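Spelled out, the chains give:
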Amino acid sequence: MAGGAIGAAGAADVTPRERVRALARGPRLAWTIAAGGRYDFVYDQMPFRFARMSAGRRANLLRAGLNLLCRRSAPWSMPLHLQLELGNVCSLRCPVCPTGLGELRREPAFMDPALFERVIDEVGPYLLTASLWGWGEPLLHPALPRILAAARRHPIVTLLSTNGQQLVEPGVVEALLADPPAHLIVAVDGLTDDTNRRFRDGARLAPMLDGIARLAEGKRRRRQALPILHMRYMAMRHNQDDVPRLPAFARTAGFDMITVRTLSILSSDASLPRHEALEPPGGKYRPYIRDAAGIVQRPGFLCLQPYWFPSVYADGTVVGCEQDFNAEVPLGRITDASGFADVWRSPGAARQRRAVRENRRRGIGYCRLCQAAGRCATDVSVEAIDITGVLAAPLDMGEAR
């Protein structure tokens, strides 16, 4: 990925080789950021550019690079990436998702729009990306227009991932056109209802396809580039043979691009047999390194997640990694008396980062089934397919607004 350690944007981990490359490129990258106010990076196969950055964003980006190289328990910077769970409620029952399996023990909730506004206004001046989803379907949020309008107040790469079932609602389509995220990522895991439902239990293709057609038409009518309509396909044992047919399907539907990714959820011991049954046995879509005993940690794995990519759950609880889906080891909680920065720099957050850094992850419950540690590659997405030319150049976050 472009730009070294802080250019591996969105990755939860790095290898020693990637760390060395980052150090070698560091001086030139730092000069480009500090003097030119420009930063190009690739996030999960998507190219972006920040130009004419504010002094505060430049300083935070430089401090974040140093912070990641040192993996400091007390960070010098605010995070570069943030996940904001708009809700932990979903209409589907995906077979390895903790929500679909009924393993989510947190109370069903949607994030208070006022809380979202507080967090995005506090952290937005420093962020590169904001992922507007968590362990639920974000388009179910009753105040979606207000949420999207707040996210647009800052030049951030906003990403919204959905199962597409709510795209049949005209109000949802209008909200996505009025204050669009940079990418609307729609999960399509089969080219027929029967195949798609093997993983997206309860989903239908018709609402999604209808919504994408209306969004594509709305973009043309308004002469706007966003949201980029991004089809995401998870390659599994039962659907990987359909990958060559994806471009024709996506072009007909009105998508701008496709990413193909491997399986990326390990929620509990109970989900492991289901997960293994879905995994391709080999090739580039194989998600994990395995031996006779099970999944093996990738050599040289270094976790970065709690240093730059925390998650804020619907009730304001902050966790160091989304894998902690029940918030068993929270960094803290945002309240009327404490903001995000208070939690981010709290003693509890520092203790958790030290545990990760000193390889005492076994003492952190959610780390035991870390899906990043055993992946065959750093990136979950292994292939990007351009349909309408959106990947030809980075999306400039200044011009896109």
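Up top is the structure these notes are about.
Right, let's walk through the structure included here. For clarity, every value in this text was computed on a predicted model and none was experimentally measured.

What counts as what
Residues numbered from 1 in each chain as written. Predicted model: local features only at pLDDT ≥ 70, side-chain atom pairs only at ≥ 80, totals over all residues. Heavy atoms only, no water. Helix = DSSP H or I, 4+ residues; strand = E, 2+ residues; numbered from the N terminus. Rg over C-alpha atoms; globule rule 2.2 N^0.38 Å. Buried < 20%, exposed > 50% of the residue type's maximum accessible area, 1.4 Å probe, protein only. Contact = heavy atoms within 4.5 Å. Areas by Shrake-Rupley, 256 points an atom, 1.4 Å probe, with all protein chains shown as cover. Lys, Arg positive; Asp, Glu negative; His and termini not counted. Charge placed at Lys NZ, Arg CZ, Asp CG, Glu CD. Phe/Tyr/Trp six-rings, centres within 6.5 Å; stacked < 30°, edge-to-face > 60°. Lys NZ or Arg CZ within 6 Å of the ring centre and 35° of its normal.

1. As for the overall build of the protein chain
Looking only at helices and strands, one finds 13 helices and 17 strands in the protein chain. Its C-alpha radius of gyration of 20 Å places the protein chain within 12% of the 21 Å reference for a compact globule of 401 residues. Dimensions along the principal axes, computed over C-alpha positions, put the protein chain at roughly 55 × 50 × 45 Å. The proportion of buried residues among the 401 residues of the protein chain is 58%. A sequence separation of at least 24 residues applies to 74% of the contacts in the protein chain between residues at least 6 apart. About 16000 Å² of surface is accessible on the protein chain, with carbon and sulfur atoms providing 53% of the total. Averaging the locations of the 52 positively and 40 negatively charged side chains of the protein chain gives two centres separated by 6 Å.

2. Remarks on the packing of aromatic side chains
A full pass over the atoms with the stated rule returns five aromatic pairs. Here Trp 135 and Phe 325 contribute two aromatic rings whose centre-to-centre distance is 5.9 Å and whose plane-to-plane angle is 70°, an arrangement assigned as edge-to-face. A residue pair is termed long-range when its members are at least 10 positions apart, and Trp 135 in the loop between strand S5 (129-131) and helix H5 (144-151) and Phe 325 in the loop between strand S14 (317-319) and strand S15 (332-333) qualify at 190 residues. A relative accessible area of 9% places Phe 325 in the buried class. Aromatic ring contacts, followed pair by pair, group Tyr 39, Phe 41, Phe 48 and Phe 50 into a single cluster. Sitting over the ring of Tyr 313, Arg 106 keeps its end group 3.8 Å from the ring centre. Residue placement shows Arg 353 over the ring face of Trp 344; its charged tip is 4.3 Å from the ring centre.

3. Considerations on the environment of Leu 128
By secondary structure assignment, the location of Leu 128 is in the loop between helix H4 (113-123) and S5. Between the C-alpha atom of Leu 128 and that of Asn 88, which follows or precedes it by 40 residues, the distance is 24 Å. Every residue in contact with Leu 128, bar those within four places of it in the chain, is listed here: Tyr 39, Phe 41, Phe 50, Arg 57, Leu 61, Leu 80, His 81, Ile 156 and Val 157.

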